[in-house]
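Listed below, chain by chain, are the residues.
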Amino acid sequence: MPFGERPLRRLPQLFTGLALYGFSLSVLLRASLGVNPWSVLYEGVARHTSLSFGTISAVVGVLVLLLWIPLRQRPTFGTGANIVVLACSSDLGLHLLPQHLELPARIGLLVGGILLNGLSVALYVGARFGPGPRDGLMTGMAAATGRSLRSVRTLIEVAVLAVGWLLGGGVGAGTVLYALAVGPVTQFFVPRFAYRSAAERAEGAGERA
């Protein structure tokens, strides 16, 4: 969707969604019960460098963009915002949230983090400013190979998870719960936050009439 399509309506939703997404990653990390595959990778890399979790996510995001070149994918405003805002908000969350919590609190963080993650994805995707680096890699590979989005995403996530685990990233019950729950949670919120243009709204009204 063009950048000029109601930016005052869509930009706050984009930045809110991205900020909440980055914060949800820090919530899941502080739960210490297992995180999503990309966070496993970031955590694993962090064990071998002096870079912060957010900085690593930004560096990986830029590296993933390089893979867009042979796939003929083009970054958008939303792509760049995804890299910057996620890095800042995840580091801020790790700074604010306490460590070494008791198990009941960690379970609460895990459940809350997954719910917040699904909500935040619906928000920033629903703003329709274009995909983030990882989502663009998925759609680009699917288009290039002819495989389904589901199979390509699964392949990418498994590969990222394996590399992150080998580097020492935390894998646990939360990783499995995230994989099972985040899709349905996101799907629940997407229709509530997906921006539709005036033409799309008019078309939808015509179909209902």
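See the structure shown above.
Keep in mind the model is a prediction, meaning the values are calculated, not measured.

**Comments concerning the layout of surface pockets**
Reasoning step 1: Empty space within the largest pocket amounts to approximately 1400 Å³.
Reasoning step 2: Lining the largest pocket are 46 residues, and of these Val121, Tyr124, Asp135, Met138 and Arg153 sit closest to its centre.
Reasoning step 3: Those elements that place two or more of their residues in the lining of the largest pocket are helix H1 (7–31), helix H2 (37–46), helix H4 (77–96), helix H5 (103–126), helix H6 (133–145), helix H7 (149–166) and helix H8 (173–193).
Reasoning step 4: Examining the composition of the lining of the largest pocket, we find that nine residues originate from one element, H8, more than from any other.
Reasoning step 5: In terms of residue class, the lining of the largest pocket is built from 25 nonpolar, 15 polar and six charged.

**Quick word on a nonpolar patch on the surface**
Reasoning step 1: Together, Leu51, Val59, Leu63, Leu66 and Ile69 give the surface a local cluster of nonpolar side chains, amounting to about 460 Å² of exposed area.
Reasoning step 2: Residue classification places Val59 among the partly exposed residues on the basis of a relative accessible area of 40%.

**Quick word on a positive patch on the surface**
Reasoning step 1: Side chains of Arg6, Arg9, Arg196 and Arg201 sit close together on the surface and give a patch of like positive charge.
Reasoning step 2: Assignment of secondary structure puts Arg201 in helix H9 (residues 198–208).
Reasoning step 3: Arg201 gets classed as partly exposed once you look at its relative accessible area, which sits at 34%.

**Points about the packing of H2 against helix H3 (residues 53–71)**
Reasoning step 1: Contact pair H2 / H3: the axes reach a minimum separation of 9 Å and the direction vectors enclose 115 degrees. With respect to H3, the axis of H2 lies roughly perpendicular. Crossing hand, H2 versus H3: right-handed. Of the residues in H3, those in contact with Trp38, Ser39, Leu41, Tyr42, Glu43, Val45 and Ala46 of H2 are Phe53, Ile56, Ser57, Val60 and Val64.

**Some details on the nonpolar core**
Reasoning step 1: Judged by nonpolar contacts, the single largest core of 40 residues is most densely connected at Leu14, Leu18, Tyr21, Trp38, Val60 and Ile156.
Reasoning step 2: Going through the elements one at a time, H1, H2, H3, H4, H5, H6, H7 and H8 are the ones with two or more residues in this core.
Reasoning step 3: Top element by residues in this core is H1. It accounts for nine residues.
Reasoning step 4: With sequence-adjacent residues up to four places away left out, Leu14 is seen in contact with Phe77, Ala81, Tyr124, Ala127 and Phe129.

**Quick notes on H5**
Reasoning step 1: Given a rise of 1.5 Å per residue, 24 residues ought to cover 34 Å, and the 34 Å separating the end C-alpha atoms of H5 matches this to within 8%.
Reasoning step 2: Once H5 finishes, Arg128 follows within two positions and takes phi at roughly 60 degrees, a positive value.

**Section: the pattern of salt bridges**
Reasoning step 1: Per the counting criterion, the structure on display carries one salt bridge.
Reasoning step 2: For Arg153, the salt bridge identified is with Glu157, shortest N-O distance 4.0 Å. Separated by four residues within a single helix, Arg153 and Glu157 lie in helix H7, roughly one turn from each other.

**Considerations on the packing of aromatic side chains**
Aromatic rings considered in pairs are described by the distance between their centres and by the relative angle of their planes.
Reasoning step 1: Evaluated as defined, the whole model comprises eight aromatic pairs.
Reasoning step 2: Measuring from centroid to centroid gives 5.8 Å for Tyr21 and Tyr124, while their planes differ by 85 degrees, and the two rings are edge-to-face. Residue Tyr21 is found in helix H1, and its partner Tyr124 is found in helix H5; the two are separated by 103 residues along the sequence.
Reasoning step 3: With 6.4 Å between their ring centres and 45 degrees between their planes, Phe189 and Phe193 make a pair best called tilted. With Phe189 and Phe193 both in helix H8 and four residues apart, this pair spans about one turn of that helix.
Reasoning step 4: Of the residues examined, Phe193 reaches a relative accessible area of 26% and is grouped as partly exposed.
Reasoning step 5: Looking at Arg134, its charged tip hangs above the ring of Trp38, at a distance of 5.6 Å from the centre.

Cut-off values and rules
- Note on numbering: residues in each chain are counted from 1, in written sequence order.
- At least 70 in pLDDT is required for a residue's local features to be given in this predicted model, at least 80 for side-chain atom pairs to be given and counted, and no such filter applies to totals for whole chains, interfaces and linings, which use all residues.
- Remark: hydrogens and water are excluded; side-chain values derive from all non-hydrogen atoms of the structure.
- Buriedness for pockets is judged along seven lines, at least five of which must meet protein on both sides within 12 Å for an open set on the 1 Å grid over protein atoms alone, while cavities are sets there where a 1.4 Å probe fits but cannot get out, and lining residues have an atom within 4 Å of a point.
- Grid points are joined across faces, edges and corners, and a volume is the space filled by probe spheres set on the points.
- A helix here means a DSSP run of H or I that spans at least four residues, while a strand means a run of E at least two residues long, and both kinds are numbered starting from the N terminus.
- Three classes are used, and their members are as follows: Ala, Val, Leu, Ile, Met, Phe, Trp, Tyr, Cys and Pro are nonpolar, Asp, Glu, Lys and Arg are charged, and the others, Gly among them, are polar.
- A residue counts toward a patch only above 30% relative accessible area and without a salt bridge, and it is joined to like-charged neighbours within 9 Å or, for Val, Leu, Ile, Met, Phe, Trp and Tyr, to nonpolar neighbours within 5 Å.
- Every accessible area reported is derived by Shrake-Rupley at a probe size of 1.4 Å, with residue values counting cover from the shown protein chains alone.
- A carboxyl oxygen of Asp or Glu within 4 Å of a side-chain nitrogen of Lys or Arg is what we treat as a salt bridge.
- Think of it in three bands: with a 1.4 Å probe and only protein chains considered, a residue is buried below 20% of the maximum accessible area for its type, exposed above 50%, and partly exposed in between.
- Asp and Glu count as negative and Lys and Arg as positive, but His and the ends of the chain are not part of the count.
- To locate a charge, the coordinates of NZ of Lys, CZ of Arg, CG of Asp or CD of Glu are taken.
- Where helices are involved, their axes are fitted lines through C-alpha atoms of the stretch in contact, as for all axes, and angles between N-to-C directions lie from 0 to 180°.
- To sort the angles, those under 35 degrees are grouped as roughly parallel, those over 145 as roughly antiparallel, those from 65 to 115 as roughly perpendicular, and the leftovers as oblique.
- The handedness criterion is simple: a crossing whose near helix is rotated anticlockwise from the far helix by less than a right angle is left-handed, and one whose near helix is rotated clockwise is right-handed.
- By definition in these notes, contact holds between two residues if any of their heavy atoms fall within 4.5 Å.
- To qualify as a nonpolar core, a set must consist of buried Ala, Val, Leu, Ile, Met, Phe, Trp, Tyr and Cys residues joined through side-chain atoms within 4.5 Å.
- The span expected for a helix works out to 1.5 Å for each residue beyond the first.
- Classification of ring pairs rests on two measures: the distance between centres of Phe, Tyr or Trp rings, Trp counted by its six-membered ring, which must be within 6.5 Å, and the angle between planes, read as stacked under 30 degrees, edge-to-face over 60 and tilted in between.
- By definition, being over a ring means that NZ of Lys or CZ of Arg is both within 6 Å of the ring centre and within 35 degrees of the ring normal.

On their own, these measurements won't tell you what the molecule is for.
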